[in-house]
Amino acid sequence: MTLHSSRPDARTDLLHGTLDMLILRTLQWGPQHGYAIGQTIRAQSSDVLQVEAGSLYPGLQRLAKKGWVTAKWGQTEANQRAKFYRLTPEGKKQLLREESRWNELVQAIGRVMKAALAPGTEE
Amino acid sequence: MTWLRRLLRHAEMEDQLDRELRFHLERHTADLIARGVAPDDARRQARLELGGPEQVKEQCRDARGTRWVDDLRQDVRYVLRTLRRRPGFAAVALLTLALGSGATTVIFTVMHGVLFKPVPFADPATLVKVDEQTKGIVDYRWGDRWAFSYPNFLDCQRDVRSLDMAAFRYGGGTVSGSGDPEFVDALQVSANLMSVLGVAPIAGRSLLPEDDRPGAAPAAVISQALWQRRFGGAPSAVGATVTFESMPYTIVGVAPATFTIRGADILTPIAQNPRPFMRLRGAHPGISVWARLRPGATRAAAQAELDAVGRNLAAHYPESNANRGFIAEPLRPDVGGVRPTLWLLMGAVALVLLIACVNVASLLLARAVSQDREVALRVALGAGRGRLVRQHLTESAVLGISGGTLGVGLAAIGVQPFVLLWPGGLPGADRVQLDWSVLAFALGVSLACGFLFGLAPVLRAPSQRPDPALRAGGRSVTGSRQLHSVFIVAEIALAMVLLVSAGMLGRTLLRLSSVDPGVNLRNVLTSRMAVSPSILSDPGRVRAAWQTVIDRGHRVPGVRAIAMVDTVPMRAGNNQVGYWTAPPEPERMQKPLALANSVTPEYLDVMGIPLRRGRFFDDHDRLGSEPVVVIDEVMAQRVFAGQDPLGKRLWTDLAPEPLIVVGVVGHVRHWGLAADDRAQVRDQFYYPFAQVPDANVRRWSELMSIAVRTGVEPLSLVETLRHELRGPGGDQVLYATATLEQLANATLADQRFLVVLFGAFAALAMTLACIGIYGVQAYLTGQRVSEFGVRMALGATARDVVRLVLGESARMIAAGALLGACAAWAAERVLQRLVEGMIDTELSTFGAMVAILVLAALVASFVPARRASRVDAMTALRQE
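Everything numeric in this text was worked out from a predicted model, so none of it was measured.

**Some thoughts on the overall build of chain A**
(1) Moving on: When its secondary structure is counted, chain A shows 4 helices and 5 strands.
(2) Moving on: Seen in sequence order, chain A has helices and strands lined up from the N terminus as β-α-β-α-β-α-β-β-α.
(3) Moving on: The 123 residues of chain A split such that 43% are buried.
(4) Moving on: A sequence separation of at least 24 residues applies to 48% of the contacts in chain A between residues at least 6 apart.

**As for the overall build of chain B**
(1) Moving on: When helices and strands are counted, chain B shows 27 helices and 24 strands.
(2) Moving on: Against the compact-globule benchmark of 29 Å for 880 residues, chain B has a radius of gyration of 38 Å, which places it well outside the compact range.
(3) Moving on: When its C-alpha atoms are laid out on the principal axes, chain B stretches across 130 × 70 × 55 Å.
(4) Moving on: The buried share among the 880 residues of chain B stands at 51%.

**Things to note about the environment of B:Ala736**
Residues and elements named next belong to chain B.
(1) Moving on: Residue position: alanine 736 is located in strand β24 (residues 733-739).
(2) Moving on: Judged by relative accessible area, which is 44%, alanine 736 ranks as partly exposed.
(3) Moving on: Taking the C-alpha atoms as reference points, alanine 736 and aspartate 62, separated by 674 residues in sequence, lie 74 Å from one another.
(4) Moving on: Apart from residues no more than four positions distant in its own chain, alanine 736 is found in contact with Thr526, Ser527, Arg528 and Arg571.

**Quick notes on the interface of chain A and chain B**
(1) Moving on: Each partner contributes to the interface: chain A provides 20 residues, whereas chain B provides 20 residues.
(2) Moving on: Each partner contributes to the roughly 2000 Å² buried at the junction of chain A and chain B, and carbon and sulfur atoms together form 52% of this total.
(3) Moving on: On inspection of chain A and its partner chain B, the count reaches 0 salt bridges.
(4) Moving on: Linking chain A with chain B are 7 residue pairs in polar contact (both at pLDDT 80 or more).
(5) Moving on: For the side of chain A that touches chain B, the secondary-structure elements that each account for two or more residues are α2 (34-44), α3 (53-66) and β5 (81-87) of chain A.

**Some thoughts on the sheet that holds strand β4 (residues 69-75) of chain A**
(1) Moving on: The 3 strands are arranged β2-β5-β4 (chain A) in an open sheet whose pairing can be described as antiparallel. Of all strands in the sheet, those with a lone pairing partner are β2 (32-33) and β4 of chain A, marking the two edges.

**Some details on the environment of B:Ala738**
All names here are of chain B.
(1) Moving on: Positionally, alanine 738 belongs in strand β24.
(2) Moving on: Sequence separation between alanine 738 and glutamine 228 is 510 residues, and the spatial gap between their C-alpha atoms is 26 Å.
(3) Moving on: Beyond its immediate stretch of four places on either side in the chain, alanine 738 contacts Val524, Leu525, Thr526 and Leu743.

**Topic: the side chain of B:Ser705**
(1) Moving on: When you line up the elements, B:Ser705 lands in strand β23 (residues 705-710).
(2) Moving on: The residues touching B:Ser705, leaving out its near neighbours within four places in the chain, are B:Ser527, B:Arg528, B:Met529, B:Ala563, B:Met564, B:Val565, B:Val568 and B:Arg571.

**Topic: the pattern of salt bridges**
Oppositely charged side chains are able to pair whenever their charged atoms sit close together.
Residues and elements named next belong to chain B.
(1) Moving on: Going through the model one piece at a time under the given rule, you end up with 41 salt bridges over all chains.
(2) Moving on: The residue arginine 543 makes a salt bridge to aspartate 694 at a minimum N-O spacing of 2.7 Å. Of this pair, arginine 543 sits in helix α17 (residues 539-555) while aspartate 694 sits in helix α20 (residues 694-702), and the two are 151 residues apart along the sequence.
(3) Moving on: Among the residues examined, aspartate 694 registers a relative accessible area of 42% and is labelled partly exposed.
(4) Moving on: Connected through shared salt-bridge partners, Asp155, Arg158, Asp159 and Arg281 make up one network.

**What about the packing of aromatic side chains?**
Residue and element names in this part refer to chain B.
(1) Moving on: Counted by the stated rule, this structure contains 15 aromatic pairs over all chains.
(2) Moving on: When the ring of tyrosine 603 is compared with that of tyrosine 686, the centres are 5.8 Å apart and the planes differ by 45 degrees; the resulting orientation is tilted. Here tyrosine 603, found in helix α18 (residues 603-607), pairs with tyrosine 686, found in strand β22 (residues 684-688); they are 83 residues apart in sequence, far enough to count as distant.
(3) Moving on: With relative accessibility at 1%, the residue tyrosine 603 sits in the buried group.
(4) Moving on: These aromatic residues form a ring-pair network of at least three members: Tyr603, Phe616, Phe617 and Tyr686.
(5) Moving on: Across the ring face of tyrosine 317, the terminal group of arginine 281 is positioned such that the distance to the ring centre comes to 3.9 Å.
(6) Moving on: Cation over ring: arginine 324 sits above tryptophan 146, and NZ or CZ is 4.7 Å from the ring centre.

**Quick word on the confidence of the model for chain A**
(1) Moving on: Looking at chain A, the pLDDT average stands at 78 and 80% of residues meet or exceed 70.
(2) Moving on: Note that residues 1-12 of chain A has pLDDT below 50 and, in this model, 18 contacts with residues that lie over four places away or in other chains.

**A short note on the pairing of strand β4 (residues 173-176) of chain B**
Residues and elements named next belong to chain B.
(1) Moving on: In this structure, β4 lies alongside strand β5 (residues 182-184), joined through 3 bridges in antiparallel fashion. Pairing of threonine 174 across the sheet is with phenylalanine 183, part of β5.
(2) Moving on: In this structure, β4 lies alongside strand β9 (residues 241-244), joined through 2 bridges in antiparallel fashion. Bridged to valine 175 within β9 is phenylalanine 244.

**As for the confidence of the model for chain B**
Residue and element names in this part refer to chain B.
(1) Moving on: When pLDDT is averaged across chain B, the result is 86; 94% of the residues are at 70 or more.
(2) Moving on: The low-confidence segment residues 473-477, where pLDDT is below 50, has 13 contacts with residues more than four positions distant or belonging to other chains.
(3) Moving on: Here the predicted complex scores 0.71 on pTM and 0.79 on ipTM.

**Some points on helix α12 (residues 372-380) of chain B**
Each α-helix winds once per 3.6 residues, and so residues spaced three or four apart point in a common direction.
(1) Moving on: Within α12(B), burial applies to B:Asp372, B:Val375, B:Ala376 and B:Val379. In a view along the axis of α12(B), the buried residues occupy a sector of 100 degrees, so they form one face of it.

**Re the packing of α3(A) against helix α3 (residues 53-64) of chain B**
(1) Moving on: Their axes nearest at 8 Å, the elements α3(A) and α3(B) cross at an angle of 20 degrees. Taken together, the axes of α3(A) and α3(B) are roughly parallel relative to one another. For the crossing formed where α3(A) meets α3(B), the hand is right-handed. Residues A:Ala53, A:Gly54, A:Tyr57, A:Pro58, A:Gln61, A:Arg62 and A:Lys65 of α3(A) form the contact with α3(B), whose own contacting residues are B:Val56, B:Gln59, B:Cys60, B:Ala63 and B:Arg64.
(2) Moving on: Considering only residue class, the contact of α3(A) with α3(B) consists of 6 nonpolar, 3 polar and 3 charged.

**Overview of the pairing of strand β20 (residues 649-652) of chain B**
Residues and elements named next belong to chain B.
(1) Moving on: Sheet analysis places strand β16 (residues 576-580) next to β20, joined by 2 bridges and oriented antiparallel. Residue pairing in the sheet places tryptophan 580 in a bridge with tryptophan 651 of β20.
(2) Moving on: Pairing of β20 with strand β21 (residues 655-665) involves 3 bridges; the strand directions are antiparallel. Pairing of threonine 652 across the sheet is with alanine 655, part of β21.
(3) Moving on: The turn linking β20 back onto β21 is made up of 2 residues.

**As for a nonpolar patch on the surface**
Residues and elements named next belong to chain A.
(1) Moving on: Taken together, the side chains of Trp102, Leu105, Val106, Ile109, Val112 and Met113 define a hydrophobic patch exposed on the protein surface, amounting to about 540 Å² of accessible area.
(2) Moving on: With respect to the element layout, valine 112 can be found in helix α4 (residues 89-117).
(3) Moving on: Assessed through its relative accessible area of 54%, valine 112 is described here as exposed.

**Structural notes on a positive patch on the surface**
(1) Moving on: Judged by side-chain charge, B:Arg77, B:Arg81, B:Arg84, B:Arg85 and B:Arg86 come together as a positively charged surface patch.
(2) Moving on: Looking at the element boundaries, B:Arg86 is found in the loop between α4 (67-85) and α5 (87-116).

**Some thoughts on unusual backbone geometry**
(1) Moving on: The residue after B:Pro583, namely B:Pro584, is reached through a cis peptide bond having omega 0 degrees.
(2) Moving on: Among the structural elements, B:Pro584 can be located in the loop between β16 and β17 (593-599).
(3) Moving on: In the Ramachandran plot, A:Ser46 falls in the positive-phi region, its phi being about 50 degrees despite a non-glycine side chain.
(4) Moving on: Relative to the elements of secondary structure, A:Ser46 occurs in the loop between α2 and β3 (50-51).
(5) Moving on: Among the residues examined, A:Ser46 registers a relative accessible area of 57% and is labelled exposed.
(6) Moving on: In this structure, B:Glu245 takes a positive phi of about 50 degrees despite not being glycine.
(7) Moving on: On the accessibility criterion, B:Glu245 (25% relative accessible area) is partly exposed.

**What to know about the nonpolar core**
Residue and element names in this part refer to chain B.
(1) Moving on: Counting residues in each nonpolar core, the largest one holds 125 residues, and the members touching the most others are Leu345 and Tyr686.
(2) Moving on: Residue contributions to this core peak at 21 residues, all from helix α11 (residues 338-370).
(3) Moving on: Leave out the neighbours within four places in its chain, and leucine 345 touches Ile107, Phe418, Trp422, Phe753, Leu754, Leu757, Phe758 and Phe761.
(4) Moving on: Counting residues in hydrophobic clusters, the runner-up holds 41 residues, among them Ile550, Ile562, Val664 and Leu717.

**A closer look at the environment of A:Pro31**
All names here are of chain A.
(1) Moving on: Position of proline 31 among the secondary structure elements: in the loop between α1 (13-27) and β2.
(2) Moving on: With a relative accessible area of 38%, proline 31 lands in the partly exposed category.
(3) Moving on: The spatial distance from the C-alpha of proline 31 to the C-alpha of glutamine 75 is 12 Å, given a sequence separation of 44 residues.
(4) Moving on: Among residues more than four places away in sequence, those in contact with proline 31 are Phe84, Tyr85 and Arg86.

Quick notes on the rules
- Residues numbered from 1 in each chain as written.
- Chains lettered and ligands numbered in written order.
- Predicted model: local features only at pLDDT ≥ 70, side-chain atom pairs only at ≥ 80, totals over all residues.
- Heavy atoms only, no water.
- Helix = DSSP H or I, 4+ residues; strand = E, 2+ residues; numbered from the N terminus.
- Buried < 20%, exposed > 50% of the residue type's maximum accessible area, 1.4 Å probe, protein only.
- Contact = heavy atoms within 4.5 Å.
- Rg over C-alpha atoms; globule rule 2.2 N^0.38 Å.
- Buried area = accessible area lost by both parts, 1.4 Å probe.
- Salt bridge = Lys/Arg side-chain N within 4 Å of Asp/Glu carboxyl O.
- Polar contact = N/O pair within 3.5 Å; in protein donor to acceptor, adjacent residues only side chain to side chain.
- Pairing = 2+ DSSP bridges.
- Phe/Tyr/Trp six-rings, centres within 6.5 Å; stacked < 30°, edge-to-face > 60°.
- Lys NZ or Arg CZ within 6 Å of the ring centre and 35° of its normal.
- pLDDT = per-residue confidence, 0-100.
- Arc of directions from axis to C-beta.
- Axes fitted to C-alpha atoms, helices over the stretch in contact; angles between N-to-C directions.
- Parallel < 35°, antiparallel > 145°, perpendicular 65-115°, else oblique.
- Left-handed = near helix turned anticlockwise from the far one by under 90°.
- Nonpolar A, V, L, I, M, F, W, Y, C, P; charged D, E, K, R; others polar.
- Patch = residues over 30% accessible without salt bridge, like charges linked within 9 Å, V, L, I, M, F, W, Y side chains within 5 Å.
- Areas by Shrake-Rupley, 256 points an atom, 1.4 Å probe, with all protein chains shown as cover.
- Lys, Arg positive; Asp, Glu negative; His and termini not counted.
- Charge placed at Lys NZ, Arg CZ, Asp CG, Glu CD.
- Core = buried A, V, L, I, M, F, W, Y, C linked by side-chain atoms within 4.5 Å.

Structure below.
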């Protein structure tokens, strides 16, 4: 699955939401710069989710605008200047909301898929 | 976050975004190298994965919601670049717009100052004007409104709680004493006039209620102008004495220069006027009443109170006040007849502005079409359609605002000369200035224009598909040709309205200038005159003083004849008198009216009025002899049609006994060269000043003028006459001096002014329309070079090509001319309503104007047509 968008429209809302959730989740372990966020998502999904820059940075702008993350310039371990994003308390709450929504969604999809496998049976 | 801070932060954020993406790229590259990718490959791969940095930025801007700032900046930069690249286009477009919006702004500035601004007093919204109003009787001269009678004013002032009412009455007169005697405008005012209007004296005090009483010590407030003129602005003037109408008034204060009512230089207490009519409830001696609503009071409440007082007075004084009430209306500046003129001019400049817009629209469209390839390329490269539309609108907004700014500059230069050129002086000229409302108007107009002409290319934009335009190699013009034709048709039609209007106005002026005024305009000097105020109460001495004036006047070298007259032809002012030819006296409203002139025997010689029958007056017509009257041919025809009027009796409102008609003279265009034909009162009669009864001599004397026929240039005699006629006390003055020619010309001043301006606007409109047609045809033919090449390769001659192009122009021009002719015909109806003496639509003038415009338009399209015909077939085809 690749997350990319060309233009915001209704169809990609779900994906947007998911990307936002992934970014927030990544930032839960502490401030990171954009590149590291992308790499983290990629690594943790075992290279399945490759977030393109064209989705990642607009996503970060979106989150910053909503007040869920804040950005600050800082030094990397390699002593380079980079822009670090940090989760705000609002962002933490949002992450919790997104997680529960996501779980509901996964369960719902799971139920549908199971039902499709064994029509007429109930759990 | 404010808009400005957002703009400032915007630059910083752009910078950060740039650095952030660069960092991303570096880290990615470094990671790839670390994984063993060759450095060059690593860099390329990193860049590939990032995608275009510009696209990423665009998406970030979208996400941030600040993209418009960026786009706007980019669009403006792009527009400025394209404009610089085509300086000719930019210059023509800007000049066109500057002229259009400049002219519009000038007229709006004047309208705003003269028509829309409130009276120049503090808190104008609470000021009202109060009139007497008659119910049931409507006089066709004044409608149902009347000036106040003084007793009615005093009752209203006392009983109406919600109004602070002030009265004033014109009372010009002679200031004498130290220095030359001069005639000044003056007002008799109630003591509270200045305080009601919120005007404080700049020296001394205002009039007090103690001054405003019969028998109080004469006190006066003088204007700042008079203070400077006669007292050099000395503080000691307050407390000094000014001799006005032979009466010494103590100056109690000086009114500021901003206080201008009828140009009055002296304010005297109205209650000190001892004349009997001031005590008569049935007399209406021209008293105006202005009032201020007291705090908390509304106009409706004031009106209710006025109604109650009116009913009360009608019950108590039925003879004078039956069916008479009072009406309060908002106080507005008195602007006389300039309103229709200003609206006409506004209409004319609006047409010019529209033509300018259409012109720029067609220029923009032509350019847009020639940019099709570029645009198509940009669409192919991913430019959003909305973005392209926005760019067009940005361009027209930039053009509109720049043109508007230039226009405001032109207006700032042009408005004062325009006001000064206004015939007879523009009322309220001092209120005319460029201010915020004018700037707001100019901005609004520029943006509206920008939107108007910006629409043209935008309308095309959605239909653009990149591939056909790219394939067409920039040659295709299909689709825009119709829009271009619409523009040309519109331009021709709009210009036609102005041109025909100007033509008809010109014809009107020509016709009016050649109209026989009924008098010989050459070498006649007229001047108002006041005899010594000290003798006014003695009729015998007044008569003698006037006789001396005539006698001394005769002795001045260069004077051929001299006469007294109370209403000079073609000058403002008239005396309408009811008459009847057989008893009993008709009802007041049923009486026909005539213009009455009280004159001395030489009047006919002075004016050159032809005697048709009988005789004019001589020195034997005096008090005690048979009262005589001479009527004009219009009245003779109307009243005594077919009969001999000589010896007939004529009753008038002037005297109880009938007058005997002794002569018939030619008709004089008293109302002016233009207006007389349509005037309601055209009958005229003359009666000898010598037969005016003693009781009226003073009043008549106050209105008197002298008229002199000269053998030399009339104005050269003014100083001699002024000196010769000063009288024994040196306090007899001439004022409002003018030659009859000047007066006659002044009656056509409005028409002349309109002709000049409409002429200028029409010329401008025609030039703009021709530029527009030239531009469109040059462009259209330029786009069809290869078509012409093919035609000529197939055997078409140069003449065929010219004919082809001209034929297309002619069709558009003809359509425009037809449409314009209809619109012009409608415009003529408007002009006829608003312009005095406007002639009926004249086919020859109409046709001539149409011909001029069509010819000019054809010439304008001939140049590109000829160029098209010179196309070399081989070169044209090789361009494929």
